[in-house]
Amino acid sequence: MIHSPDMTTFTSRLRYQGQLVFDSAHRIGAERSLAVDAPDLPVLRTVDGRPYIPGSSIKGAWRAYTESVLRTIQAQRNLGHALACQPISEELRCLPKDKVKTLKDEADADKALRQASCWTCRIFGNGQIASKVLIKDLMIDEASFLRTEVRDGVAIDRDSARAADGFKYNFEAVPAGARFEMEILVENAAPAELGLVMIGLNSFARGDILLGGAKSRGLGWCHLDREMEKLEYVTSEHLLAYLLNRDDPDAVAARAVTEAKTREWLIAFEEAIQEEVNHAQEAR
Ligand SMILES: [Zn+2]
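Keep in mind it's a predicted model, so treat the numbers as computed, not measured.

Looking at the environment of Met7
Moving on, step 1. Here Met7 is to be found in the segment before strand E1 (12–22).
Moving on, step 2. For Met7, a relative accessible area of 30% translates into the label partly exposed.
Moving on, step 3. As for Met7 and Cys85, which are separated by 78 residues in sequence, their C-alpha atoms are 21 Å apart.
Moving on, step 4. Discounting residues that sit within four places of it in the chain, Met7 has contacts with Arg114, Ser131, Lys132, Glu187 and Asn188.

Here is the structure:
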């Protein structure tokens, strides 16, 4: 069974900073606009009018991707729903209501709820346990953006597969080339969990995860710029040095994440899967 520290004491913190670059146009939509001079479907903007991406949009796409990968692994190895549950189904989610009720009566309820959760929920959270991954809203790099574009869309009638009568609309999109500052914190993740986080970050870097709406029309392609990446890792062992001498060269060096470190995390992830397989076989 994977060891998943809870959130009551500091065990570790991984900070990622980098840039998300769009290779195609994209749209992260706001509510439908009723203004006459505005597109029917505007993009989401900050109060001062700049497009932005809510951290929750990235997290949603990241979680969905992680679930799809873990569902394949768990099916190949007969692990039931240990790695990724079905959060929308009461029977197939890792913490159904009656189980929550029983676990909440235990002395260390938080720990019990976390241990009973699937790997995906332990990292991304569910109704009962906090997420270990926190993503800041992404602000656009103004140098990479001039103005949005408006595209026409036609609503397709599902039955006839032809354009629904007179139902045209237009939508706003941010053109290709837009760059966004990305900042992520991963709190109290075990090495195996950090391996899973690295798999996600590597997938973003390869451009395997698309973001936003109108993907079937070619929108939403993006990748993380590896040149701009900064990873910092603080463990409980270095916590005091971090708090007292944040900028001291030794403290900075101690926080640096080497290639070897990320390999260690990936290996820990692989080993945790094997442990889960052994555990499942013993239980049978
Ligand atoms: Zn779950």
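Back to the text.
Brief notes about the pairing of strand E7 (residues 179–187)
Moving on, step 1. Pairing of E1 with E7 involves nine bridges; the strand directions are antiparallel. Residue pairing in the sheet places Gln19 in a bridge with Glu181 of E7.
Moving on, step 2. Of the strand pairs in this sheet, strand E3 (residues 133–135) and E7 are connected by three bridges, and their pairing is antiparallel. Residue pairing across strands places Leu134 opposite Leu185, the latter belonging to E7.

Some words on the sheet that holds E1
Moving on, step 1. Strand order in the open sheet formed by four strands is E3-E7-E1-E8, with antiparallel pairing between adjacent strands. Both edges of this open sheet fall to E3 and strand E8 (222–235), since each of them pairs with a single strand only. Neighbour-to-neighbour, the strand axes of the sheet open up by a mean angle of 20 degrees, direction not taken into account.
Moving on, step 2. Contacts from helix H1 (residues 55–76) reach E1, E3 and E7, with the element oriented near 140 degrees to E3.

Description of the side chain of Thr66
Moving on, step 1. Among the structural elements, Thr66 can be located in helix H1.
Moving on, step 2. We classify Thr66 as buried; its relative accessible area is 4%.
Moving on, step 3. Non-local contacts of Thr66, meaning those with residues more than four positions away in its chain, are made with Phe124 and Leu196.

Looking at the pattern of salt bridges
Moving on, step 1. Inspection of the entire model under this criterion finds 17 salt bridges.
Moving on, step 2. For the salt bridge of Glu90 with Lys97, the shortest nitrogen-to-oxygen distance reads 4.0 Å.
Moving on, step 3. Shared partners join several salt bridges into a network, and the residues in it are Arg15, Lys136 and Glu183.

About the criteria used
- Residues numbered from 1 in each chain as written.
- Predicted model: local features only at pLDDT ≥ 70, side-chain atom pairs only at ≥ 80, totals over all residues.
- Heavy atoms only, no water.
- Helix = DSSP H or I, 4+ residues; strand = E, 2+ residues; numbered from the N terminus.
- Buried < 20%, exposed > 50% of the residue type's maximum accessible area, 1.4 Å probe, protein only.
- Contact = heavy atoms within 4.5 Å.
- Pairing = 2+ DSSP bridges.
- Axes fitted to C-alpha atoms, helices over the stretch in contact; angles between N-to-C directions.
- Salt bridge = Lys/Arg side-chain N within 4 Å of Asp/Glu carboxyl O.

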